[in-house]
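For reference, the chains in residue letters:
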Amino acid sequence: MLLDRITASDVLIQLKTDNWEDAIRKSSQTLLEKGSIESRYIDAMIKVVHENGPYIVISKHIALAHARTECGALHTDITFATLDPAIHFNAGALDPVKLIITLSATDADTHLDLLGELSDILMDEEKSEALFNAGSAEEFVQILHSN
Amino acid sequence: MSVKVKIQNFGSKLSGMVIPNLGAFMAWGILTAVGIAIDNEVLRSFIVPMLTYLLPLLIAFAGGNAVYGFRGGVIGAVATIGVIIGSDITMFIGAMILGPSSAWLLKKFDKSIDGKIPTGFELLINNISSGLIGGALAVIGYLFVAPAISSLTGVLAGGVDFLVTHKLLPLTAVFIEPAKVLFLNNAIGQGILTPLGTTQLAQLGKSVMFLLESNPGPGIGVLLAYMFFGKGNSKATAYGAGVIHFFGGIHEIYFPFVLMNPPLVIALIAGGASGTLMFSIFKVGLIGVASPGSIISIMMMAAEGDRLKIIISILVSSIVTFLIAIPLVKRAKNSDSQLKDSVKEMEKMKGKESRISSVFENQANTNYNLADVKLIAYACDAGLGSSAMGAGVLQKKLRAAGIDDIKVFHVAVNNLPAECQVIVSHESLMARVKEKQSGCYFVEIVDYLNAPEYEQLIKDIKEAREKAAD
């Protein structure tokens, strides 16, 4: 599963929400509707943050919401949601979060290439800025594929 | 550097050559044991070439690689082929000497011409210098190192001969056990003990000589110590090695365990000597050569009425070795990485509360030697999202910095392996990581993608390696 397989239906743009829990809930609806996760997976993603702190905020303005496989991941899949307004995750200097990537993985390795490609894009400040500000899902996907 | 640290250094260098190759030793042991047991021509044809060429060359490569990377490994193996060809005995000592030392020479040479090579010619010059120096070292190995090691065999054999003729049989262990570990067992077994035993056989109908070298007691004692008190890879391998050694009679399988922790020779000598003493007291013997030296073939060759006494003697020697080996194996745990000892000491002195205090943990970090790091664990809660991403980024950065021999893997905090060198994790997970592991090098990050800590870690590793190289 590589980045070029991501389509506009995997992307939510300018999601309206007012706290981080709700942000994770809303942004993971796509995975739920696609049948890639069970609903308890969403609770698990929120629970790990309560237990361990905001370690899912992986870089400035970006959160990688995920939980363990056994918490209800059905297929390896990934979806994206940009937030407007940006939401605080109590992640200090990395706040506020503008993009939530929701990952479900059924094993530890099949999605590694995808994450590798993704990190190349996210480390490029210009591109990640463009992702945060994308006006439509199509535009967002186009930036993802521009690599 | 204190003598203790120096010896530990030397020990960890030896184990660095042996441990990565344990799998090859196992493969050889299995092929040999099965090949002899079922008398299969195909399997038997592996025995000699693997022992003569593959295993010493692997050790030479690992030794060279530890000193000067892949290039050092290559020249180490090239130089070692010289001692292998120049001698009739298995050349593990030769490999352990020539592997690292030729890599060191090449490194000095590279340093001396550094900056003087015209751009574009680096690869050419590198290969030519490897070729010329490696070839020359191989010839030197053939002409000088191989005869020197062969004469060492002569000394050991002479010692055994002397003790036998002066009726000091138990003391032969002083020569036999170290000689075995250096893979000179056949030279002694077939060169001295078998002829002596055959003579006795004609006079007495049995001979104890056949038991001196084939006694599996000391070897199984060492392996038992690793099974119960070892750690990580060596502990796991000890089980299979024990079966191959004791029942398959392939003693060679336990030699690496001693080579990576040389003081264990003392345990072997004590066990061998007490076994031989028991043999002498019981006046037992075999009616022929027990080859391979497994408990089964020894029982088959035992003189009528001696079986139980032989088993008791073997048991005694294994228990003696086991008991002496325990503290030595336990101690080796701490010297696995050279400075873990002192880090642990420090933690002890500082008391329990230091575990919580990250200031002290950082101090532990400054004492950690990063030069030998080969594995970096990147931990997060689930072990598949953020840690996977961070691990990928760090791996890429290492590669970009020219460090190819370090592997970064991602893992859940709860699944952290027992042996870790460096652990990277997010600030908010670090407390859990430290609860699970101590004595590691910890890197705490906040930003998985752009952590400034990555650059610092890479810089520290490079500096540590340069320091270790000088």
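Keep in mind the model is a prediction, meaning the values are calculated, not measured.

1. What to know about the overall build of chain B
Okay, so step 1: A tally of regular secondary structure across chain B gives 19 helices and four strands.
Okay, so step 2: Looking at chain B as a whole, 53% of its 470 residues are labelled buried.
Okay, so step 3: Here the analysis covers contacts within chain B between residues at least 6 apart in sequence; of these, 68% occur between residues at least 24 apart.
Okay, so step 4: Within the structure as shown, chain B displays about 20,800 Å² of accessible surface, and the carbon and sulfur contribution to it stands at 67%.

2. Some words on the packing of aromatic side chains
Residue and element names in this part refer to chain B.
Okay, so step 1: Counted according to the given criterion, the structure contains 12 aromatic pairs over all chains.
Okay, so step 2: Summarising the aromatic geometry, the rings of F61 and F70 are spaced 5.1 Å apart at their centres and angled 75 degrees between planes, so their arrangement reads as edge-to-face.
Okay, so step 3: We classify F70 as exposed; its relative accessible area is 60%.
Okay, so step 4: Between Y378 and Y448 the ring centres are 6.2 Å apart and the planes differ by 20 degrees, which places this aromatic pair in the stacked class. Here Y448 lies in the loop between β4 (441-445) and α19 (452-469) and Y378 lies in strand β1 (residues 375-380), a separation of 70 residues in the sequence.
Okay, so step 5: Through a chain of ring-to-ring contacts, three or more aromatic side chains come together here, namely F228, F229 and F322.

3. Here we look at the sheet that holds β4(B)
Residue and element names in this part refer to chain B.
Okay, so step 1: As summarised here, the arrangement of the four strands in space is β2-β1-β3-β4, forming an open sheet in which the pairing is parallel. Each edge of the sheet is formed by a strand with only one pairing partner; in this case those strands are β2 (407-412) and β4. Within this sheet the neighbouring strands show an average axis-to-axis angle of 25 degrees, counted without direction.
Okay, so step 2: Sheet strands in contact with α19 are β1, β3 (422-426) and β4, and its direction is about 155 degrees off that of β4.

4. Description of the interface of chain A and chain B
Okay, so step 1: Counting residues at the interface gives 29 residues for chain A, matched by 23 residues for chain B.
Okay, so step 2: Between chain A and chain B the total buried area reaches about 2,000 Å² when both faces are included, carbon and sulfur atoms providing 61% of it.
Okay, so step 3: Counting every contact that joins chain A to chain B gives two salt bridges.
Okay, so step 4: A salt bridge links A:D120 to B:K396, with the nearest nitrogen and oxygen atoms 2.7 Å apart.
Okay, so step 5: At the junction of chain A and chain B, the tally comes to 11 residue pairs in polar contact (both at pLDDT 80 or more).
Okay, so step 6: Where the side of chain A that touches chain B is concerned, the elements lending two or more residues are α3 (39-52), β2 (57-59) and α4 (112-122) of chain A.
Okay, so step 7: Looking at which element gives the most residues to the side of chain A that touches chain B, the answer is α4(A), with seven residues.
Okay, so step 8: Here the side of chain A that touches chain B is built from residues that sort into 16 nonpolar, eight polar and five charged.

5. A look at the pairing of β2(B)
It is a general feature of regular strands that their side chains alternate between the two faces of the sheet.
Residue and element names in this part refer to chain B.
Okay, so step 1: Sheet topology places β1 next to β2; six bridges connect them, and they run parallel. If you follow I376 over to β2, its bridge partner there is V408.
Okay, so step 2: Taken together, β1, helix α17 (residues 386-400) and β2 constitute a β-α-β crossover, and its handedness is right-handed.

6. A few points about the pattern of salt bridges
Okay, so step 1: Counting across every chain of the model gives 17 salt bridges over all chains.
Okay, so step 2: We note a salt bridge from A:R68 to B:D381, for which the minimum N-O separation is 3.1 Å. One end of the pair, A:R68, is in the loop between β3 (62-65) and β4 (77-87); the other, B:D381, is in the loop between β1 and α17, on a second chain.
Okay, so step 3: We classify B:D381 as buried; its relative accessible area is 2%.
Okay, so step 4: One salt bridge in this structure joins B:E304 and B:R307, with 3.9 Å as the shortest N-O distance.
Okay, so step 5: Take B:E304: its relative accessible area is 70%, and that puts it in the exposed class.
Okay, so step 6: Connected through shared salt-bridge partners, A:D10, A:K34 and A:D77 make up one network.

7. Concerning unusual backbone geometry
Residues and elements named next belong to chain A.
Okay, so step 1: For the bond from D84 to P85, the omega torsion is 5 degrees, close enough to zero to count as cis.
Okay, so step 2: Topologically, P85 is positioned in strand β4.
Okay, so step 3: A cis amide bond, omega -10 degrees, links D95 with the succeeding residue P96.
Okay, so step 4: Topologically, P96 is positioned in the loop between β4 and β5 (97-104).
Okay, so step 5: Of note in the backbone geometry, Q14 takes a positive phi value of approximately 50 degrees without being a glycine.
Okay, so step 6: Residue position: Q14 is located in strand β1 (residues 11-15).

8. Side note on the domain arrangement of chain B
When the parts come together, some accessible area is lost, and that loss is often what is quoted as the size of the interface.
All names here are of chain B.
Okay, so step 1: Domain assignment breaks chain B into domain 1 (1-166), domain 2 (167-329) and domain 3 (340-469).
Okay, so step 2: For domain 1 versus domain 2, the separation of C-alpha centres amounts to 26 Å.
Okay, so step 3: For the pair domain 1 and domain 2, the two sides together bury roughly 2,800 Å², of which 86% comes from carbon and sulfur.
Okay, so step 4: Scanning the region where domain 1 abuts domain 2 turns up zero salt bridges.
Okay, so step 5: Between domain 1 and domain 2 we count two residue pairs in polar contact (both at pLDDT 80 or more) in total.
Okay, so step 6: Listing elements by their share of the side of domain 1 that touches domain 2, those giving two or more residues are α1 (3-18), α2 (22-37), α4 (92-113) and α5 (122-165).
Okay, so step 7: Tallied by class, residues from the side of domain 1 that touches domain 2 come to 20 nonpolar, nine polar and one charged.

9. Here's the deal with the sheet that holds β3(A)
The strands making up a sheet are joined through hydrogen bonds of the backbone, oriented either antiparallel or parallel.
All names here are of chain A.
Okay, so step 1: Overall, mixed pairing links the five strands, which are arranged β1-β4-β5-β3-β2 in an open sheet. Across the chains shown, the open sheet's two edge strands, defined by having one partner strand only, are β1 and β2. Neighbour to neighbour, the strand axes of the sheet diverge by 25 degrees on average, direction disregarded.
Okay, so step 2: Bridge count for β4 against β5 is seven bridges, and the pairing is antiparallel. Note that in β5 the partner of T82 across the bridge is L99.
Okay, so step 3: Each of β2, β3, β4 and β5 touches α4; the most contacted strand, β4, lies at about 30 degrees to it.

10. Some words on the environment of B:S102
Residue and element names in this part refer to chain B.
Okay, so step 1: With respect to the secondary-structure elements, S102 resides in helix α4.
Okay, so step 2: A sequence separation of 39 residues divides S102 from G63, and the C-alpha atoms of the two residues are 9.5 Å apart.
Okay, so step 3: With residues near it in sequence (within four places) discarded, S102 still touches I75, G76, A79 and L137.

11. Concerning the side chain of B:H251
Residues and elements named next belong to chain B.
Okay, so step 1: Mapped onto the fold, H251 is located in the loop between α10 (232-246) and α11 (255-259).
Okay, so step 2: Within polar-contact distance, the side chain of H251 engages the side chain of K180 at 2.8 Å.
Okay, so step 3: The contact partners of H251, leaving out residues within four places of it in the chain, are K180, E213, S214, N215, P216, H245 and G293.

Procedures and definitions
- Sequence positions are assigned chain by chain, starting from 1 and proceeding in written order.
- Here the convention is simple: chains get letters from A, ligands get numbers from 1, in the order in which they are written.
- Given that the model is predicted, a residue must reach a pLDDT of at least 70 before its local features are reported, and side-chain atom pairs must reach 80 or more before they are shown or counted; all residues, however, enter totals for whole chains, interfaces and linings.
- Only heavy atoms go into the side-chain values, all of them from the structure, while hydrogens and water stay out.
- Per the convention used, a helix needs a DSSP run of H or I reaching at least four residues, while a strand needs a run of E reaching at least two, with both numbered from the N terminus.
- The cut-offs for exposure are 20% and 50% of the maximum accessible area for each residue type, with area from a 1.4 Å probe on protein chains only; residues under the lower value are buried, those over the upper are exposed, and the others partly exposed.
- Throughout, a contact is declared for two residues whenever any of their heavy atoms are within 4.5 Å.
- Shrake-Rupley sampling with a 1.4 Å probe provides the accessible areas, and residues are treated as covered by the protein chains on show and by no other component.
- Here a pair means two rings of Phe, Tyr or Trp (six-membered ring of Trp) with centres within 6.5 Å. Their orientation is stacked below 30 degrees between planes, edge-to-face above 60, and tilted elsewhere.
- The rule for pairing is simple: two strands pair if DSSP sees at least two bridges between them.
- Between N-to-C directions, angles cover 0 to 180 degrees, with each direction set by a line fitted to C-alpha atoms, over the stretch in contact for helices.
- Joining two parts hides part of their accessible area as seen by a 1.4 Å probe, and the buried area is that hidden amount summed over both.
- Whenever Lys or Arg places a side-chain nitrogen within 4 Å of a carboxyl oxygen from Asp or Glu, that contact is recorded as a salt bridge.
- Distance and chemistry together define a polar contact, namely a pair of N or O atoms within 3.5 Å, with one atom able to donate a hydrogen and the other to accept it when in protein, and with adjacent residues in sequence counting only for side-chain atoms on both sides.
- Three classes are used: nonpolar for Ala, Val, Leu, Ile, Met, Phe, Trp, Tyr, Cys and Pro, charged for Asp, Glu, Lys and Arg, and polar for all others, with Gly counted as polar.
- Crossovers are described as right-handed under a simple rule: with the strands pointing away from the observer, the path leading from the first strand over the helix to the second runs clockwise.
- Bear in mind that the domain bounds are from an automatic or database domain assignment.

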